[in-house]
Amino acid sequence: MPQQEPEQPPVDHMTWQAPAPQSPETHGHGNMAEWDRRYGVHGESPREEDAMVPAPRPEPAFDFGDEVTSQADIQAKDVKAVQPQRPQPNMAMRELITSALNANRVELHLQPIVTLPQRQVKYYEAFTRLRDAEGNAIAATAFLPEAVLSGQIARIDNLLLFRAVQVIRRLTSRNRNAVLFCNISLVSLVDETFFPGFLEFVKSNRDFADVLVFEFSQSDVAEMGAMELESLNALYDVGFRFSIDRINDMKMDFNSLAGRGFKYGKLHADYLIGRREAKHGHIHPSDFGDLLHRYGMELITDHVETESQVLELLDYDVKLAQGNLFSPPRPVRAEVLQGAPAPRKSAAG
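Because the structure is a prediction, the values reported are computed rather than measured.

Okay, the overall build of the protein next. What the protein contains, in helices and strands, is 13 helices and 10 strands. Of all 349 residues assigned to the protein, the portion counted as buried reaches 50%.

Attention now goes to the packing of helix α3 (residues 91-102) against helix α4 (residues 140-149). One way to put it is that α3 packs onto α4 with a least axis distance of 9 Å and a crossing angle of 90 degrees. In terms of orientation, α3 lies roughly perpendicular with respect to α4. The residues of α4 that touch α3, namely those facing Met93, Arg94 and Ile97, are Ala142, Phe143, Glu146, Ala147 and Leu149. The class makeup of the residues in the contact of α3 with α4 is 6 nonpolar, no polar and 2 charged.

With that settled, the discussion passes to the layout of surface pockets. Looking at the second largest pocket, its volume works out to about 300 Å³. When contributions to the lining of the second largest pocket are tallied by element, the ones reaching two or more residues are α12 (288-294) and β8 (298-302). The element that contributes the greatest number of residues to the lining of the second largest pocket is α12, accounting for 3 residues. Considering only residue class, the lining of the second largest pocket consists of 6 nonpolar, 3 polar and 4 charged.

Moving on to the packing of aromatic side chains. Going through the model one piece at a time under the given rule, you end up with 11 aromatic pairs. On the basis of an interplanar angle of 55 degrees and a centroid distance of 5.5 Å, the ring pair of Phe242 and Phe262 is categorised as tilted. A residue pair is termed long-range when its members are at least 10 positions apart, and Phe242 in strand β6 (residues 241-247) and Phe262 in strand β7 (residues 262-268) qualify at 20 residues. Take Phe242 and Phe262: they sit in the same class, and that class is buried. Over the ring of Phe181 we find Lys266, and its NZ or CZ is 5.0 Å from the ring centre. Cation over ring: Arg276 sits above Tyr271, and NZ or CZ is 5.6 Å from the ring centre.

As a working rule, side chains carrying opposite charge can pair if their charged atoms are close by. Evaluation of the coordinates by the stated rule reveals 8 salt bridges. As a salt-bridge pair, Glu307 and Arg119 come within 2.8 Å of each other at their nearest N and O atoms. Of this pair, Glu307 sits in helix α13 (residues 307-315) while Arg119 sits in the loop between β1 (106-115) and β2 (121-131), and the two are 188 residues apart along the sequence. Of the charged contacts, one joins Arg275 and Glu312 as a salt bridge, the two residues approaching to 2.7 Å between their closest N and O atoms. You can see Arg275 sitting in the loop between α11 (269-272) and α12 and its partner Glu312 sitting in helix α13, a full 37 residues away along the chain. Through salt bridges with shared partners, a single network forms among Glu125, Glu215 and Lys266.

Three- or four-residue spacings in an α-helix give side chains the same orientation, since the helix completes a turn every 3.6 residues. The set of residues buried in α4 consists of Ala140, Phe143, Leu144, Glu146 and Ala147. Summarising the contacts, the buried residues of α4 are in contact with α3, β2, β3 (137-138) and α5 (153-174). Of the residues trailing α4, Gly151 is marked for its positive phi of about 85 degrees.

For the rest of this paragraph, the subject is the side chain of Asp245. When you line up the elements, Asp245 lands in strand β6. At 3.4 Å, the side chain of Asp245 forms a polar contact with the backbone nitrogen of Ser217.

Here the focus is the pairing of β1. On any regular strand, side chains alternate: one points to one face of the sheet, the next to the other face. When you tally the buried positions in β1, you get 10 out of 10 residues, the bulk of the element. With burial as the criterion, each face of β1 is covered, one bearing Val106, Leu108, Leu110, Pro112 and Val114 and the other bearing Glu107, His109, Gln111, Ile113 and Thr115. Pairing of β1 with β2, which is carried by 9 bridges, proceeds in the antiparallel orientation. Bridge assignment links Val114 to a residue of β2, and that residue is Val121. Turn length for the β1-β2 hairpin, with the two strands adjacent in sequence and antiparallel, is 5 residues, and the turn residue Arg119 shows positive phi of about 65 degrees. In the sheet, β1 pairs with strand β10 (residues 330-331) via 2 bridges, with the strands oriented antiparallel.

What counts as what
- Residues numbered from 1 in each chain as written.
- Predicted model: local features only at pLDDT ≥ 70, side-chain atom pairs only at ≥ 80, totals over all residues.
- Heavy atoms only, no water.
- Helix = DSSP H or I, 4+ residues; strand = E, 2+ residues; numbered from the N terminus.
- Buried < 20%, exposed > 50% of the residue type's maximum accessible area, 1.4 Å probe, protein only.
- Axes fitted to C-alpha atoms, helices over the stretch in contact; angles between N-to-C directions.
- Parallel < 35°, antiparallel > 145°, perpendicular 65-115°, else oblique.
- Contact = heavy atoms within 4.5 Å.
- Nonpolar A, V, L, I, M, F, W, Y, C, P; charged D, E, K, R; others polar.
- 1 Å grid on protein atoms, 1.4 Å probe; cavity = no way out; pocket = protein on both sides within 12 Å on 5 of 7 lines; lining within 4 Å.
- Points joined across faces, edges and corners; volume = space filled by probe spheres on them.
- Phe/Tyr/Trp six-rings, centres within 6.5 Å; stacked < 30°, edge-to-face > 60°.
- Lys NZ or Arg CZ within 6 Å of the ring centre and 35° of its normal.
- Salt bridge = Lys/Arg side-chain N within 4 Å of Asp/Glu carboxyl O.
- Polar contact = N/O pair within 3.5 Å; in protein donor to acceptor, adjacent residues only side chain to side chain.
- Pairing = 2+ DSSP bridges.

By themselves, these observations are geometric and do not establish any function.
Listed below in structure tokens is the structure:
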């Protein structure tokens, strides 16, 4: 980790039954209590005296068969062969997600983003972690696909955002320059039970626009359609800015993304230093940071695990980095997150 230990170091779904629509008389006014009441969030902000001391805990390390008898059979089977197969539900994981949410076995972890070469904490990224009934950590790569498939991702994002607001209030009380990156699912941008209420909340709390950065994977950004872009534009109009991570295609139109409010791009350290092959076309990975800078974006090199990577990154004049070498994601103390959303049972679960 950097020379200064981060105040609190550490998501890249059965249908959630949302609250019934509110009448005009009970329409919210953008305060935390109203967002709480309408979207399953309860409690108050953390007390100032609650220290955000890291609480490290070990983390347990995604043929046609029958004989063809006619040209019609050939065509039909050709079509079947090229159609993408729908992901199959993982009922065990679905049940685990539901159980963890209902029993509040959900943790917020923070990981610092540091400056190079000083290794001073610049930003943080927030991650959601689930635990099973035995207390074992469930990796995001394991639960996120099923959370999306089962419709529970908006509920997870809602929990992440509420807790992120609690943490950012603490961080900004000590450091006005604190910024927190939060991963948001593409699904949540168009979820009719989540996004309208969230947008109403942030419109009435515009100060959060300076301290929260919403992050999307490159694959999700590539899939954004008209509805997703409309939601993105609504957040941009409020003043929020965005980050694109898990970049492996450097030929993307980053100039256009910058115009939509993307301010940061995250590239795996091994892509930058040539240890892993990326789709870069005529752009050499070592020039990628300059390309982003030309469009007003900042490069963050993530997955930094070794000192040898750091030495090579310094040769490329990398200014911001993230990875377990500096600090692994660490859980925020439960006391800081008092007032987390109460368990809400899924109507379908």
